[in-house]
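Given next are the chains, with one letter for each unit.
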Amino acid sequence: MRAHEFTLQEGADFYGYYKDAEKGVYSYPKGMDFKIGHVSNVTARSILSSLRLDPDFENTSPYPIDDFLKTTQSYLNANAADKDSVEYDNVEAVHIEASRFKKQHPEITHVGFN
């Protein structure tokens, strides 16, 4: 196979999860609408690092949504002077998305990149 004959699927999506009690795994509501587009792994790691969370999202469990919202709100408050930065915009986007998840899907208990 030649290099131009395949594509590399690198990147991450931001999801809201709940723990499926029967299966013991994290899942997300069927038909759930996602507002944040697919981001690169570098962007996902940058967001998590900005929040002082483990950037190794491939090997960590999702974060409790309430803790995540507190962390993102704290970051936004502390960095309001830098609100024109890419880092601020990215954190604000996941904060808005996690808030929307919590409001529209109360069964969601965790968020994370996948």
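Here is a short report on the structure shown in this document. These numbers were taken from a predicted model, which means no experiment stands behind them.

Tracing the sequence through the fold places Ala 44 in helix H1 (residues 41–50). Among the residues examined, Ala 44 registers a relative accessible area of 0% and is labelled buried. Note: C-alpha distance between Ala 44 and Met 32 (12 residues apart in sequence) is 20 Å. Beyond its immediate sequence surroundings of up to four residues, Ala 44 is in contact with Ala 12, Val 39, Phe 57 and Phe 113.

This part is about the pairing of strand S4 (residues 110–113). Neither face of S4 is open: one carries His 110 and Gly 112, the other Val 111 and Phe 113, and all of them are buried. Two elements, strand S1 (residues 14–20) and S4, share four bridges in a ladder whose sense is antiparallel. Across the sheet, Tyr 17 pairs through a bridge with His 110, a residue of S4.

This part takes up a negative patch on the surface. A contiguous patch of negative charge on the surface is contributed by Asp 82, Asp 84, Glu 87, Asp 89 and Glu 92. Its place among the elements puts Asp 89 in helix H3 (residues 86–104).

Close contact between H1 and H3 brings their axes to 10 Å; oriented N to C, the two are set at 90 degrees. Judged by the inter-axis angle, H1 sits roughly perpendicular to H3. The residues of H3 that touch H1, namely those facing Thr 43, Ser 46, Ile 47 and Ser 50, are Glu 87, Asn 90, Val 91 and Val 94. Taken together, the residues of the contact of H1 with H3 sort by class into three nonpolar, four polar and one charged.

Conventions we followed
- Counting restarts for each chain, with residues numbered from 1 along the sequence as it is written.
- Where totals are concerned, whole chains, interfaces and linings use all residues; where local detail is concerned, this predicted model gives features only for residues with pLDDT of at least 70, and gives and counts side-chain atom pairs only at 80 or more.
- The basis for the side-chain values is all heavy atoms of the structure; hydrogens and waters are excluded.
- Strands here are runs of E lasting at least two residues and helices are runs of H or I lasting at least four, both read from the DSSP assignment and numbered beginning at the N terminus.
- For each residue, the accessible area found with a 1.4 Å probe, counting protein chains only, is set against the maximum for its type, and the residue is called buried under 20%, exposed over 50%, and partly exposed in between.
- By definition in these notes, contact holds between two residues if any of their heavy atoms fall within 4.5 Å.
- Here, strands pair whenever DSSP counts at least two bridges between them.
- What makes a patch is a set of residues exposed beyond 30% relative accessible area and free of salt bridges, joined within 9 Å when like-charged and within 5 Å when nonpolar (Val, Leu, Ile, Met, Phe, Trp, Tyr).
- Per-residue accessibility takes into account occlusion by the displayed protein chains alone, with areas from the Shrake-Rupley method and a 1.4 Å probe.
- By salt bridge we mean one thing: a side-chain nitrogen of Lys or Arg within 4 Å of a carboxyl oxygen of Asp or Glu.
- His residues and chain termini do not enter the charge count, which takes Lys and Arg as positive and Asp and Glu as negative.
- To locate a charge, the coordinates of NZ of Lys, CZ of Arg, CG of Asp or CD of Glu are taken.
- Here an axis means a line fitted to C-alpha atoms, over the contact stretch when the element is a helix, while the angle between two N-to-C directions is reported on a 0 to 180 degree scale.
- Any angle from 65 to 115 degrees is called roughly perpendicular, while one under 35 is roughly parallel, one over 145 is roughly antiparallel, and all others are oblique.
- Residues were grouped as follows: Ala, Val, Leu, Ile, Met, Phe, Trp, Tyr, Cys and Pro as nonpolar; Asp, Glu, Lys and Arg as charged; and all remaining residues, including Gly, as polar.

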